[in-house]
Amino acid sequence: MAGPGKLTTPPRVLVPLCTALAGVFILAWALWFARSFMEPAAPLLPSGQEVVFRVNPGSTLRAVSRDLAEQGLLRSARSFESLARDAGKAQSVRAGEYLLVSGWSPERILKELTESPGILLRVQVREGLSWRETARAVDDSGAATGEEFRKAAFDPGLLAKNEIPSDSPEGYLFPETYLVSKVSGDNGRVLAEAMFKEFRKNARKVWPNGLPAPEELRRLVILASLVEKESGDLSERARVAGVFMNRLRLGMRLQSDPTVIYGLGQDYDGDLTRAHMKDGANPYNTYRISGLPPGPICSPGLISLQAAAAPEQHGFLYFVGKGDGTHFFSKSLEEHNAAVAKYQLRRNRATYRSTPAKD
């Protein structure tokens, strides 16, 4: 008998309630079991086969599960979908291409699709490439078209966002090897921004106490681009930068062949002539203009940036290629002319003019 103030459930009510709950549970389990077996079992591939599996941007978990089953990587799309939901990864499947292997467990496939970067494309940007050559490298990699990259690289908003002190990306598409997913909404923009960020990262190595003011930074990048194109020998780049600085200080024209070639653009056929050097319409013709050209002529690497920031102090005003990738440096015109005769004239080419251009 219940004590005062206590209420109890009569046994005749408790037993039917438990029976009803058990019935609901059994019915739910039966429905799940029936539904699972109503799904046709997908034929599985023989174990050990590699399969390139693609997840398109915006694909739902259900669509991905179905595609996995249809390609013979899973027996049950519904079971995989339930596995992902139970693991809290229903929204974690990444767009991309993945190298999966038949016979992998659903758990391993889920881990690959949610945690790995998938198959990545390699975009190699060498030192000294112009923006056109960089766009061509992007196009050749298959990561994006050259036109997609060009539009992104010249986007004023993207340039401003990354604090590029120019309305052109020339000089700031930092040389490096970049890895991107083959499946992306806009790899052209992804790559352009990655290159701008890599430039800023390396510029901070050159100027750890803070980057120069925008106009000064731009001037130094122009100088570094000339150094980059003039010498392939890392050990002499600071010396080359010193020659250019000496000539600028004395009001001598830089007379750099690579600037003339850059100004010719796509019209350059590989043959630099005296007519090209006399062309006053070419704004990059440093045989005709004084001072630095109006902009960078390529994207310099870290060593060239360092050379522009800290040129070697010396009295050299001239240098001439020796034919082995290095240069002979001279302080006087007479010494330089002798070096030209020794290293250049006998091979019927000149990589650097022996005398300043005359007006």
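As shown above, the structure is provided for reference.
Here the structure is a predicted model, which is why all the values come from computation and not from measurement.

Looking at this model, I keep getting lost on the nonpolar core. Mind explaining?
Generally speaking, nonpolar side chains in soluble globular proteins are found buried as a group. Within the largest apolar cluster, 50 residues are counted, with the highest numbers of intra-cluster contacts made by Val-123, Phe-149, Leu-191, Met-195, Phe-199 and Phe-244. The dominant element in this core, judged by the number of residues it contributes, is helix α9 (residues 214–230), at eight residues. Each residue touching Val-123, except ones within four places of it in the same chain, is listed here: Ala-137, Val-138, Ser-141, Ala-143, Glu-176, Thr-177, Tyr-178, Val-180 and Leu-191. Among the nonpolar cores identified, the runner-up in size contains 21 residues, and Val-55, Leu-61, Leu-68 and Ala-90 belong to it.

Before we go on, may I ask you to explain the side chain of Ser-130 in this structure?
Tracing the backbone through its elements, the reader meets Ser-130 in the loop between β3 (120–124) and α5 (131–141). For Ser-130, a relative accessible area of 11% translates into the label buried. Here Ser-130 is in contact with Glu-170, Tyr-262, Ile-297 and Cys-298, once residues within four sequence places are set aside.

What exactly am I supposed to notice about the layout of surface pockets here?
The method is simple in principle: a probe with the dimensions of a water molecule rolls over the atoms, and the space it marks as empty is what remains. Volume-wise, the second largest pocket comes out at about 410 Å³. Secondary structure elements with two or more residues in the lining of the second largest pocket: α5 and α11 (257–264). Top contributing element to the lining of the second largest pocket by residue count: α5, with four residues. Class assignment for the residues of the lining of the second largest pocket results in seven nonpolar, four polar and five charged.

Please clarify how the pairing of strand β6 (residues 327–330) should be interpreted in this entry.
A regular strand places its side chains on the two faces of the sheet in alternate fashion. Direction of pairing for strand β5 (residues 318–321) relative to β6: antiparallel, over a ladder of four bridges. If you follow Tyr-318 over to β6, its bridge partner there is Ser-330. Where β5 folds back onto β6 in an antiparallel hairpin, the turn is made up of five residues, including Gly-323, whose phi is positive at roughly 90°.

Sorry if this is basic, but what is going on with the packing of α9 against helix α13 (residues 302–309) here?
The relative placement of two packed helices comes down to the angle between their axes together with the axis-to-axis distance. Relative orientation of the contacting elements α9 and α13 amounts to 120°, with a least axis distance of 8 Å. As judged from the angle between their axes, α9 and α13 are oblique. Here α9 runs over α13; the crossing is right-handed. Contacts between α9 and α13 pair Leu-220, Val-221, Leu-223, Ala-224, Val-227 and Glu-228 from the former with Ser-304, Leu-305, Ala-307 and Ala-308 from the latter.

Honestly, the environment of Val-340 in this entry has me stumped. Any pointers?
Checked against the element boundaries, Val-340 lands in helix α14 (residues 333–343). Along the backbone, Val-340 and Lys-322 are 18 residues apart, and their C-alpha atoms lie at a distance of 8.9 Å.

Is there a simple way to explain helix α6 (residues 146–153) in this structure?
Because an α-helix packs 3.6 residues into every turn, residues spaced three or four apart end up facing the same way. All of the buried residues in α6 are Gly-146, Phe-149, Ala-152 and Ala-153. All buried residues of α6 fall inside an arc of 130° around its axis, so they share one side.

Mind showing me how you'd approach the packing of aromatic side chains here?
The geometry of two aromatic rings is summed up by the distance between their centres and the angle between their planes. A complete count under the given rule lists seven aromatic pairs for this structure. For the pair Tyr-172 and Phe-199, a centre-to-centre distance of 5.0 Å together with 90° between the ring planes defines the contact as edge-to-face. Of the two residues, Tyr-172 is situated in the loop between α7 (156–161) and β4 (177–181) and Phe-199 in helix α8 (residues 187–206); the sequence distance between them amounts to 27 residues. You can call Phe-199 buried: its relative accessible area is 1%. Summarising the aromatic geometry, the rings of Phe-316 and Phe-329 are spaced 5.8 Å apart at their centres and angled 45° between planes, so their arrangement reads as tilted. Of this pair, Phe-316 sits in the loop between α13 and β5 while Phe-329 sits in strand β6, and the two are 13 residues apart along the sequence. Exposure remark for Phe-316: the relative accessible area of 15% places this residue in the buried category. The rings of Phe-244, Phe-316, Phe-319 and Phe-329 are connected pair by pair, giving a single aromatic cluster. For Arg-239, the ring lying beneath its charged end belongs to Phe-329, and the centroid distance is 5.6 Å. Seen from the ring of Phe-316, Lys-331 lies directly overhead, with NZ or CZ sitting 5.6 Å from the centre.

Parameters at a glance
For every chain, the first residue of its written sequence is number 1, and the numbers climb from 1 along that sequence. This being a predicted model, a pLDDT of at least 70 is required before a residue's local features are given, and a value of 80 or more before pairs of side-chain atoms are given or counted; all residues contribute to the totals for chains, interfaces and linings. Side-chain numbers here rest on the full set of heavy atoms in the structure, without hydrogens or water. Put simply, buried Ala, Val, Leu, Ile, Met, Phe, Trp, Tyr and Cys residues joined by side-chain atoms within 4.5 Å make one nonpolar core. Any residue under 20% of the maximum accessible area for its type is buried, any over 50% is exposed, and the rest in between are partly exposed; the area is computed with a 1.4 Å probe on protein chains only. By definition, any uninterrupted DSSP run of H or I lasting at least four residues is a helix, any uninterrupted run of E lasting at least two residues is a strand, and each is numbered from the N terminus. When checking whether two residues touch, look at their non-hydrogen atoms; a contact exists if any pair is within 4.5 Å. Of the two site types, the cavity is a set of points on a 1 Å grid over the protein atoms alone where a 1.4 Å probe fits but cannot get out, and the pocket is an open set with protein on both sides within 12 Å along at least five of seven lines, each lined by residues with an atom within 4 Å of a point. Grid points are joined across faces, edges and corners, and a volume is the space filled by probe spheres set on the points. Ten residues, namely Ala, Val, Leu, Ile, Met, Phe, Trp, Tyr, Cys and Pro, are considered nonpolar, four, namely Asp, Glu, Lys and Arg, are considered charged, and the remaining ones, Gly among them, are considered polar. By this definition, two strands are paired if DSSP reports at least two bridges between them. To obtain an axis, a line is fitted to C-alpha atoms, over the contacting stretch when the element is a helix, and the angle between two such axes runs from 0 to 180 degrees between their N-to-C directions. With respect to orientation, any angle under 35 degrees is reported as roughly parallel, any angle over 145 as roughly antiparallel, any angle of 65 to 115 as roughly perpendicular, and every other angle as oblique. Handedness of each helix crossing follows the sense of rotation of the near helix against the far helix: counterclockwise by less than a right angle gives left-handed, clockwise gives right-handed. Starting at the helix axis, one direction is taken to each C-beta atom, and the arc is that of these directions. Pairing of aromatic rings covers Phe, Tyr and Trp, the last counted by its six-membered ring, and requires centre-to-centre distances within 6.5 Å; plane angles under 30 degrees mean stacked, over 60 mean edge-to-face, and any other angle means tilted. Only when the NZ of Lys or the CZ of Arg is both within 6 Å of the ring centre and within 35 degrees of the ring normal is a charge said to sit over the ring.

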